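Descriptive structure summary
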Amino acid sequence: LLQGWAQPMNYSDQTIDDARSKETTFKSFFREVEALARNDYLSEEVGWRMGEADHKLSEAYLAARQTVHESLLDNFNTKEAMGAMLKLINEANQYLRLPNAKPSVLLL
């Protein structure tokens with residue numbers, strides 16, 4: 001997914017390791033979100049509880065969604081789409097690691 005669809009596939013060890021690394025990033029992130037969603041988050045205050053941090057993550061999500069959409073329309077540019085999703089995961093991980101974090105599970 002990190003090469004253009006019209007380009008030859010690269011199966012070098014470095015490319016395979018890079019793909020595995022990105023897969024691990026996605027799996028790790030979704031496991032963490034799944035764990036948060038399993039908690040009884042509806043028993044607490046629902047909504048954006050961290051103010052500016054919630055808004056920043058929401059804006060990052062909207063920007064990533066737009067970039068992915070435009071990238072896929074642009075000759076199925078999966079490299080740029082993957083970059084946008086990885087950037088969003090980075091933003092979400094920073095959000096989850098904030099001191100005294102009370103993440104909005106529905107935002108994740």
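Anything mentioned here points back to the structure above.
Now for a look at the structure at hand. Since this is a predicted model, take the numbers as computed values, not measurements.

Here the focus is the packing of helix 2 (residues 52-73) against helix 3 (residues 78-96). Packing of helix 2 against helix 3 brings their axes to within 8 Å, and their N-to-C directions diverge by 170°. On the basis of the axis angle, helix 2 is roughly antiparallel to helix 3. Facing helix 2, whose interface residues are Ala53, Asp54, Lys56, Leu57, Ala60, Tyr61, Ala64, Thr67, Val68, Ser71 and Leu72, helix 3 presents Thr78, Glu80, Ala81, Ala84, Met85, Leu88, Glu91, Ala92 and Tyr95. Its residues placed into classes, the contact of helix 2 with helix 3 shows 13 nonpolar, three polar and four charged.

Looking now at helix 3. Turn by turn, an α-helix covers 3.6 residues, leaving residues three or four places apart pointing in a common direction. Taking 1.5 Å as the rise per residue, helix 3 with 19 residues should run 27 Å; its terminal C-alpha atoms sit 27 Å apart, in good agreement. Within the sequence span of helix 3, burial applies to Thr78, Ala81, Met82, Ala84, Ile89, Ala92, Tyr95 and Leu96. Projection of helix 3 onto a plane perpendicular to its axis shows the buried side chains occupying an angular sector of 160°, all on one side. Of the exposed residues in helix 3, those oriented more than 90 degrees away from the buried face are Lys79 and Lys87. Where the residues of helix 3 are buried, they touch helix 1 (13-38) and helix 2.

Let us now look at the pattern of salt bridges. Inspection of every chain in the model, using the stated rule, returns four salt bridges. Across the pair Lys27 and Glu23 runs a salt bridge whose closest N-O atoms are separated by 3.4 Å. Here the residue Lys27 and the residue Glu23 both occupy positions in helix 1, the gap between them amounting to four residues, near one helical turn. Judged by relative accessible area, Lys27 falls into the partly exposed class, the value being 43%. The salt bridge involving Arg97 is made with Glu32; its shortest N-O contact spans 2.9 Å. With Arg97 in the segment after helix 3 and Glu32 in helix 1, this residue pair connects regions lying 65 residues apart in the sequence. Since its relative accessible area comes to 53%, Arg97 is described here as exposed. Of the residues examined, Glu32 reaches a relative accessible area of 24% and is grouped as partly exposed.

A few words now on the packing of aromatic side chains. Going through the model one piece at a time under the given rule, you end up with two aromatic pairs. Note on Phe29 and Phe30: the rings are 5.3 Å apart at their centroids and 65° apart in plane angle, and the pair reads as edge-to-face. Taking the relative accessible area as the measure of exposure, Phe29 reaches 9% and is therefore buried. Three or more aromatic residues link up through ring pairs in this structure, and these residues are Phe26, Phe29 and Phe30.

Here is what the cut-offs are and how they apply
Residues numbered from 1 in each chain as written. Predicted model: local features only at pLDDT ≥ 70, side-chain atom pairs only at ≥ 80, totals over all residues. Heavy atoms only, no water. Axes fitted to C-alpha atoms, helices over the stretch in contact; angles between N-to-C directions. Helix = DSSP H or I, 4+ residues; strand = E, 2+ residues; numbered from the N terminus. Parallel < 35°, antiparallel > 145°, perpendicular 65-115°, else oblique. Contact = heavy atoms within 4.5 Å. Nonpolar A, V, L, I, M, F, W, Y, C, P; charged D, E, K, R; others polar. Expected span 1.5 Å × (residues − 1). Buried < 20%, exposed > 50% of the residue type's maximum accessible area, 1.4 Å probe, protein only. Arc of directions from axis to C-beta. Salt bridge = Lys/Arg side-chain N within 4 Å of Asp/Glu carboxyl O. Phe/Tyr/Trp six-rings, centres within 6.5 Å; stacked < 30°, edge-to-face > 60°.

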